Amino acid sequence: PMLAGPVEFDGAPELPIAPYTLGQMIANGYLLGSSASITSNLADGPEIIANLRAEGSPIGAIYTNPRQSIQRVCINSKTIVKVREMGLAVKSGEKFIPDPYKRASVSARVALLRGLMDGDGSITPERNRVVYHSTSAILAQDVAELVEQLGGISTVREYVRHDGKPTDYQVRMRMPGGLSPFSIARKASRYRPGR
């Protein structure tokens, strides 16, 4: 059963990086260089940049590649120091949600989930199936925990690929009414709240 409402924690911790921004960095960020960058679908780029700016995140250069239909947003080099301090300067298969973000305010956890889902989440055109995809087993469990803390329900499924690509960990979720896991229009417009 779904919870009656999101879990509330006492004394929400201070977050070193804005939550939507961190969600985007975990989902589609390159975190091993001298600065952090976020790669997104070119069509979603303007909305993602608007969300990053709304949080006050320090955006640097923006590169677009129309041929591949992608956009890369560089984040201020000071941010990578915070990434390293949280132990997040890792490869995709080792990413996770840092503990302070799991105990943050409800609004911060919703923003974090939307950053993750706008990046690596999907929703089927029919049947309203919402899934988060990751090559990190730890991150998949963290996302499932985040969903359940917000009053939703989730299951994690391991999808072993036979094309040489890494295993895909899929977090299927159903959120309580009134809480969309997406903020970008392309995905949010398909979403129908669960009963």
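Residues numbered from 1 in each chain as written. Predicted model: local features only at pLDDT ≥ 70, side-chain atom pairs only at ≥ 80, totals over all residues. Heavy atoms only, no water.

Caption draft 1: Up close: the side chain of D44. Here D44 shows up in the loop between β2 (36-41) and α2 (45-54). A distance of 2.7 Å separates the side chain of D44 from the side chain of R186, its partner in a polar contact. Among residues more than four places away in sequence, those in contact with D44 are I184 and R186. (Helix = DSSP H or I, 4+ residues; strand = E, 2+ residues; numbered from the N terminus. Polar contact = N/O pair within 3.5 Å; in protein donor to acceptor, adjacent residues only side chain to side chain. Contact = heavy atoms within 4.5 Å.)

Caption draft 2: Focus on the pattern of salt bridges. Applying the stated criterion to the full structure yields five salt bridges. Residue D99 pairs with K102 through a salt bridge whose shortest N-O separation is 3.6 Å. On the criterion of helical spacing, the pair formed by D99 and K102 is a turn pair, its members being three residues apart in helix α4 (residues 99-102). Assessed through its relative accessible area of 47%, D99 is described here as partly exposed. Among the residues examined, K102 registers a relative accessible area of 13% and is labelled buried. Of the charged contacts in the structure, one is a salt bridge between K102 and D142, with a shortest N-O distance of 3.0 Å. With K102 in helix α4 and D142 in helix α6 (residues 137-149), the pair connects residues that are 40 residues apart, well separated along the chain. Its relative accessible area of 8% is what places D142 among the buried residues. (Salt bridge = Lys/Arg side-chain N within 4 Å of Asp/Glu carboxyl O. Buried < 20%, exposed > 50% of the residue type's maximum accessible area, 1.4 Å probe, protein only.)

Just geometry here; none of it tells us what the structure is for.
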